[in-house]
Amino acid sequence: MEFTPALLRMNDGAAVTDGEDWEVRRTELLRLLEEHAYGRTPAAVPVTYEILRDSPRACGGDARKLDIKITCHFAAGEFSYPLRLFLPCGAGKKPLLMLMNFDKEPYCEYCPVEEITDNGFALAYLYYGDVTADNADLTDGAARFFPRAEDGADTGKIGIWAWSISRALDALETLPEIDADAVGVIGHSRLGKTALWCAANDARFRFVCSNDSGCMGAAYNRSRNAGGETLEVITRVFPYWFCDDLKQYAGGEARLPFDQHMLLACIAPRALLVNSAAQDDWADPPSEQLACAGASPAWEICGRAGYEGQTAPYGENEGSLTGDVGYFKRSGVHFLNRKDWLRFMAFVKARL
Ligand code: GTR
């Protein structure tokens, strides 16, 4: 698929030829995605944390659970949200996986806590509603501290959630139990879009997994398949996830100045796994797969393997997990299940 602008051309037309050039191009693409899709990503603010409760015998004694309060100190005031950290028992720094999820409590759908800690990973659990509500209210929670310029590029809710995951990492990476060089982020559906945008901006996330993220996540907008969510629908039903400028492309995908392979590419040269589910037409698995192929040149220019799979749609329980861009289509429906987690953890372990 041909796109304008090209992935590996700078704004001034110069070719991107190596990893150093790629970092410059990546910054250009982040600005492009801010302006037209997710809105501005504000600079970090000072973060402090407080351990409210330390439960040394969580998961039957196999893990330690810390209830942590994260506080962001904005110029106009402070905002706090809870984080639950599970640390597998045993000495040594632990690789960390961060999940922002739909449930307030971590023992829930989409989060097999013990499966994660038993695999040797620390787990940081955030509830997205603790940061800002999933609605158009831009005064709710952390949202009220985000600057508003009314110029079409104000931060959408996905941008606010993504930014807040990074601020939580500001605190966690200082903990002696955490291996700050082995941090991953994972999210499902709208929070898969969020995980991608978070990791696109924040290179501290070395491992990234979007699960069934679909439209404005991993799926190309220009190659929408029957039954897939469109920009027209997503900007009508969930306009507040994005910046206002995105609305002008509803029904006009051919005019888009970007596409989702650019979002994926901003993660290069780090490791990315795109998970789809075979019966999740709404998230458009073939378009997610194609976007992996479209993003791959960003890894290759950095001397990495990128996506090593096929472009023809995979069947159920097929994919390519060898390169630094993995893609897998499991059987079943829209869900973040234990198999999705095990696949991501194996993908990370193979690269630790
Ligand atoms: C749907 C939305 C999708 C996806 C999903 C979810 O209604 O259209 O883009 O994000 O919600 O987050 O569960």
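Keep in mind that this is a model prediction, so the values were computed, not measured.

Rules behind the numbers
- Residues numbered from 1 in each chain as written.
- Predicted model: local features only at pLDDT ≥ 70, side-chain atom pairs only at ≥ 80, totals over all residues.
- Heavy atoms only, no water.
- Helix = DSSP H or I, 4+ residues; strand = E, 2+ residues; numbered from the N terminus.
- Rg over C-alpha atoms; globule rule 2.2 N^0.38 Å.
- Buried < 20%, exposed > 50% of the residue type's maximum accessible area, 1.4 Å probe, protein only.
- Contact = heavy atoms within 4.5 Å.
- Lys, Arg positive; Asp, Glu negative; His and termini not counted.
- Charge placed at Lys NZ, Arg CZ, Asp CG, Glu CD.
- Pairing = 2+ DSSP bridges.
- Axes fitted to C-alpha atoms, helices over the stretch in contact; angles between N-to-C directions.
- Right-handed = clockwise from strand over helix to strand, strands pointing away.
- Near = heavy atom within 4 Å.
- Polar contact = N/O pair within 3.5 Å; in protein donor to acceptor, adjacent residues only side chain to side chain.
- Areas by Shrake-Rupley, 256 points an atom, 1.4 Å probe, with all protein chains shown as cover.
- Nonpolar A, V, L, I, M, F, W, Y, C, P; charged D, E, K, R; others polar.
- Phe/Tyr/Trp six-rings, centres within 6.5 Å; stacked < 30°, edge-to-face > 60°.

Chemist: Honestly, the overall build of the protein chain in this entry has me stumped. Any pointers?
Modeler: Summing up its helical and strand segments, the protein chain has 9 helices and 10 strands in all. Relative to the globule expectation of 20 Å for 352 residues, the C-alpha radius of gyration of the protein chain, 19 Å, shows essentially globular dimensions. In the protein chain, buried positions account for 57% of the 352 residues. Pairs at least 24 apart in sequence give 67% of the contacts found in the protein chain among residues at least 6 apart. Positive and negative side-chain charges in the protein chain, numbering 36 and 50 respectively, have mean positions lying 3 Å apart.

Chemist: Even after reading the chapter, I still don't get unusual backbone geometry, so can you show me in this structure?
Modeler: Glycine aside, a negative phi is what most residues show, and trans is what most peptide bonds show. In this structure, proline 269 follows alanine 268 across a cis peptide bond, with omega equal to 5 degrees. Within the secondary structure layout, proline 269 lies in the loop between helix H7 (260-265) and strand E8 (271-277). Positioned with a positive phi, aspartate 212 is a non-glycine residue whose angle comes to about 50 degrees. Taking relative accessible area as the criterion, aspartate 212 reaches 2% and is therefore assigned buried. With phi around 60 degrees, aspartate 284 is a residue other than glycine that occupies positive phi space. Residue position: aspartate 284 is located in the loop between E8 and helix H8 (285-301).

Chemist: Is there a simple way to explain the sheet that holds strand E3 (residues 77-88) in this structure?
Modeler: Think of a sheet as strands paired side by side through backbone hydrogen bonds, with each pair either parallel or antiparallel. Pairing is mixed in the open sheet, where 10 strands are placed in the order E1-E2-E3-E5-E4-E6-E7-E8-E10-E9. The sheet is open, and its two borders are formed by strand E1 (47-58) and strand E9 (318-320), each paired with just one other strand. Sheet twist, expressed as the mean angle between neighbouring strand axes with direction ignored, is 15 degrees. When E9 meets strand E10 (residues 325-330), the two strands line up antiparallel, connected through 3 bridges. By the bridge assignment, glycine 319 is partnered in E10 with phenylalanine 328. Along the sheet, helix H5 (residues 190-201) makes contact with strand E4 (94-101), strand E6 (178-188), strand E7 (207-211) and E8, crossing E6 at roughly 145 degrees.

Chemist: Sorry if this is basic, but what is going on with the side chain of aspartate 170 here?
Modeler: For aspartate 170, the position within the fold is in helix H4 (residues 157-172). Residue class for aspartate 170 comes out buried when judged on its relative accessible area of 18%. Once you skip the residues sitting within four places of it in the chain, aspartate 170 turns out to touch Ala44, Val45, Val47 and Arg204.

Chemist: Explain the pairing of E7 to me, please; I cannot follow it from the model alone.
Modeler: Consecutive side chains of a regular strand alternate in pointing toward one face of the sheet and then the other. Across the 5 residues of E7, 5 count as buried, placing the element largely inside the fold. Taking every second residue as pointing to the same face, both faces of E7 are buried, with Phe207, Cys209 and Asn211 on one and Val208 and Ser210 on the other. The pairing of E6 with E7 spans 5 bridges and is parallel. For isoleucine 186, the partnering residue across the bridge sits in E7 and is cysteine 209. Each parallel crossover has a hand, and for E6 linked through H5 to E7 it is right-handed. Where E7 and E8 come together, 5 bridges link them in parallel fashion. Residue pairing across strands places phenylalanine 207 opposite alanine 271, the latter belonging to E8.

Chemist: How do you make sense of the site of the ligand when you look at a structure like this?
Modeler: By nearness alone, every residue bordering the ligand is listed as Ser189, Arg190, Lys193, Glu229, Ile234, Phe238, Trp241, Trp282 and His334. Note that an oxygen atom of the ligand is positioned 2.8 Å from one of the side-chain N or O atoms of lysine 193. Between the ligand and glutamate 229, the relevant distance is 2.5 Å, taken from an oxygen atom to a side-chain nitrogen or oxygen of the residue. In the complex, the protein chains occlude 80% of the 320 Å² of accessible area that the ligand would expose alone. Tallied by class, residues from the shell around the ligand come to 4 nonpolar, 2 polar and 3 charged.

Chemist: Just to check I follow, could you spell out the pairing of E10 for this structure?
Modeler: Of all 6 residues making up E10, 6 are buried, and the element is well covered by its neighbours. Alternating positions in E10 separate into two faces, Val325, Tyr327 and Lys329 on one and Gly326, Phe328 and Arg330 on the other, with burial throughout. Taken together, the 6 bridges between E8 and E10 define a ladder with parallel strand orientation. Across the sheet, the residue bridging to valine 274 is tyrosine 327, located in E10. If you look at the hairpin formed by E9 and E10, you'll find 4 residues sitting between the two strands.

Chemist: Would you explain helix H1 (residues 19-38) in this entry?
Modeler: Because each turn of an α-helix spans 3.6 residues, side chains separated by three or four positions in sequence point in the same direction. When we look at burial in H1, the residues that qualify are Trp22, Arg25, Arg26, Leu29, Leu30, Leu32, Leu33, Glu34, His36, Ala37 and Tyr38. Of the residues flanking the start of H1, the one acting as N-cap is aspartate 18, its side-chain oxygen 3.2 Å from the backbone nitrogen of glutamate 20. Backbone geometry just downstream of H1 places glycine 39 in the positive-phi region, at approximately 85 degrees.

Chemist: Can you walk me through the packing of aromatic side chains in this structure?
Modeler: Note on aromatic pairs: each is described by the distance of the centres and the angle between the planes. Evaluated as defined, the whole model comprises 17 aromatic pairs. Taken together, a centroid distance of 6.4 Å and an interplanar angle of 80 degrees make the contact between phenylalanine 238 and tyrosine 240 edge-to-face. The same class applies to phenylalanine 238 and to tyrosine 240, which are both buried. Note on tryptophan 241 and phenylalanine 242: the rings are 6.1 Å apart at their centroids and 70 degrees apart in plane angle, and the pair reads as edge-to-face. On the accessibility criterion, tryptophan 241 (2% relative accessible area) is buried. Grouped by ring-pair contacts, the aromatic residues Tyr38, Trp197, Phe238, Tyr240, Trp241 and Phe242 constitute a single cluster.

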